[in-house]
Amino acid sequence: MPKLTLQFHGTRGGVPVCDLNYLEFGGNTTCISMYNHERERIGILDAGTGIRALGKHLCKNYPDQRDIFITFTHFHWDHIQGFPFFEPAYDSEMEIHILTLGVKRKFTGLHDIFAAQMQEVYFPVALDNMGCKFNFLEYNDITALFQGGTISSIPQNHPGGSFGYRLETEDFRLVICTDVEHGDEIDEEFIEFCKGADLLIHDAQFTSEELQNRRGWGHSSYDQALEIAERAEVSQLIMTHHDPDHDDAFLRTAEKNCQDRFKDCALAREGMKIEM
Ligand SMILES: [Zn+2]
Ligand SMILES: [Zn+2]
């Protein structure tokens, strides 16, 4: 019986793409859901456009779900753009906890970040009129305990800052690091953070060649993600945050090349489920 089911609802970085050549890997921006077998609690990482369909699915199939946690890696558009379209937030019986975790945070005022996004000039419904009860939780510590395990974070090099997360329980070690740019060498501290993960989900927006001209954009290459998986001795690697210019054919070739180097790896596809 799986302890945790993880699902990708958006795998694209930057901007959503709607195109016939993007159906396999998907066009929605970053959103991942996680739930345990009993479905006592659903956790969501980031609210890119993929969160819209997830919200509809939750309302239809799990009407008794009364609280939802959404954790954010950071607040760039591609990670918050679906938030105003998250149907559970319009339910007055719902309680939604919005969370960030980590030292040296550059983010302040979680409420204001979302309220700003939903000002009348941008969107017809104000944050405080959506209907649900929001709890905005900002932890300065890099580690928090939850029932059955720990969650820790690492500050990442990304314009404006972002965080990687590690979820560890008796049964599994899951690390998610998207929107991260490495230097010429990968920091040992970063390798340590990913060490021994059963599953590492890592940014891989560019090829190594593309990365040469994209320094400062805040992202990684396939080769860097593979190097981290190898050095940190992770069991499985899933790469995500696909560039909006990379269509299905491009990504299929990239995936094949990556698998030639690291067997248990794949590129994330929208809808892909992983049971841990
Ligand atoms: Zn992003
Ligand atoms: Zn970003």
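Located above this text is the structure these notes cover.
(A) A look at the environment of alanine 126. Position of alanine 126 relative to the elements: it lies in the loop between helix H3 (110-117) and strand S6 (133-139). Taking the number of C-beta atoms within 10 Å as the measure of exposure, alanine 126 has 12 and is therefore exposed. Counting along the chain gives 11 residues from alanine 126 to alanine 115, while the straight-line C-alpha distance between them is 6.8 Å.

(B) Focus on the pairing of strand S10 (residues 173-177). When you tally the buried positions in S10, you get 4 out of 5 residues, the bulk of the element. Taken together, strand S9 (residues 162-169) and the strand that follows it, S10, pair antiparallel across an intervening segment of 3 residues. Here S10 pairs with strand S11 (residues 199-203) via 4 bridges, running parallel. Directly across from valine 175, in S11, lies its bridge partner leucine 200.

(C) The sheet that holds S6, seen in detail. Pairing within the open sheet is mixed, and its 7 strands lie in the order S6-S5-S4-S3-S2-S1-S14. Where the open sheet ends on each side, the last strands, each with one partner, are S6 and strand S14 (273-275). The average undirected angle you get between the axes of adjacent strands in this sheet is 20°. Two strands pair when backbone bridges link them, and strand S1 (residues 4-10) and S14 are joined in this way by 3 bridges, in the antiparallel orientation. Residue pairing in the sheet places glutamine 7 in a bridge with lysine 273 of S14.

(D) Focus on unusual backbone geometry. Although it is not a glycine, aspartate 46 sits at a positive phi angle of roughly 70°. Within the secondary structure, aspartate 46 sits in the loop between strand S3 (42-45) and helix H1 (51-61). Taking the C-beta count within 10 Å as the criterion, aspartate 46 has 28 such neighbours and is therefore assigned buried. Backbone geometry places glutamate 233, a non-glycine residue, at a positive phi of 55°. With respect to the element layout, glutamate 233 can be found in the loop between helix H6 (222-231) and strand S12 (236-240).

(E) Layout of the pairing of strand S2 (residues 31-36). As paired elements, S1 and S2 share 6 bridges and run antiparallel to each other. Directly across from leucine 6, in S2, lies its bridge partner methionine 34. Sheet topology places S2 next to S3; 4 bridges connect them, and they run antiparallel. Directly across from tyrosine 35, in S3, lies its bridge partner isoleucine 42.

(F) Spotlight on the nonpolar core. Ranked by size, the top nonpolar core spans 62 residues in total, and within it Cys194, Leu200, Ala229 and Met239 carry the most contacts. Take this core: its biggest share by element is 5 residues, from H6. In contact with cysteine 194, other than residues within four places in its own chain, are Val175, Leu200, Ile228, Ala232 and Val234.

What counts and what doesn't
In this convention, every chain numbers its residues from 1, walking through the sequence in written order. Going through the entries in the order they are written, you letter the chains from A and number the ligands from 1. The predicted origin of the model limits local features to residues at a pLDDT of at least 70 and limits the giving and counting of side-chain atom pairs to 80 or more, whereas totals for whole chains, interfaces and linings rest on all residues. Numbering goes from the N terminus for both helices and strands, where a helix is a DSSP run of H or I of at least four residues and a strand is a run of E of at least two. Residues are called buried when their C-beta atom has 20 or more other C-beta atoms within 10 Å, exposed when it has 12 or fewer, and partly exposed otherwise; all C-beta atoms are positioned from the backbone. Strand pairing is assigned whenever DSSP identifies at least 2 bridges connecting the two strands. Axes here refer to lines fitted to C-alpha atoms; in helices the fit is confined to the stretch in contact. Angles between the N-to-C directions go from 0 to 180 degrees. Structurally, a nonpolar core is described as a collection of buried Ala, Val, Leu, Ile, Met, Phe, Trp, Tyr and Cys residues joined by way of C-beta atoms within 7 Å. This entry defines residue contacts through backbone-placed C-beta atoms, with two residues in contact when those atoms are within 7 Å.

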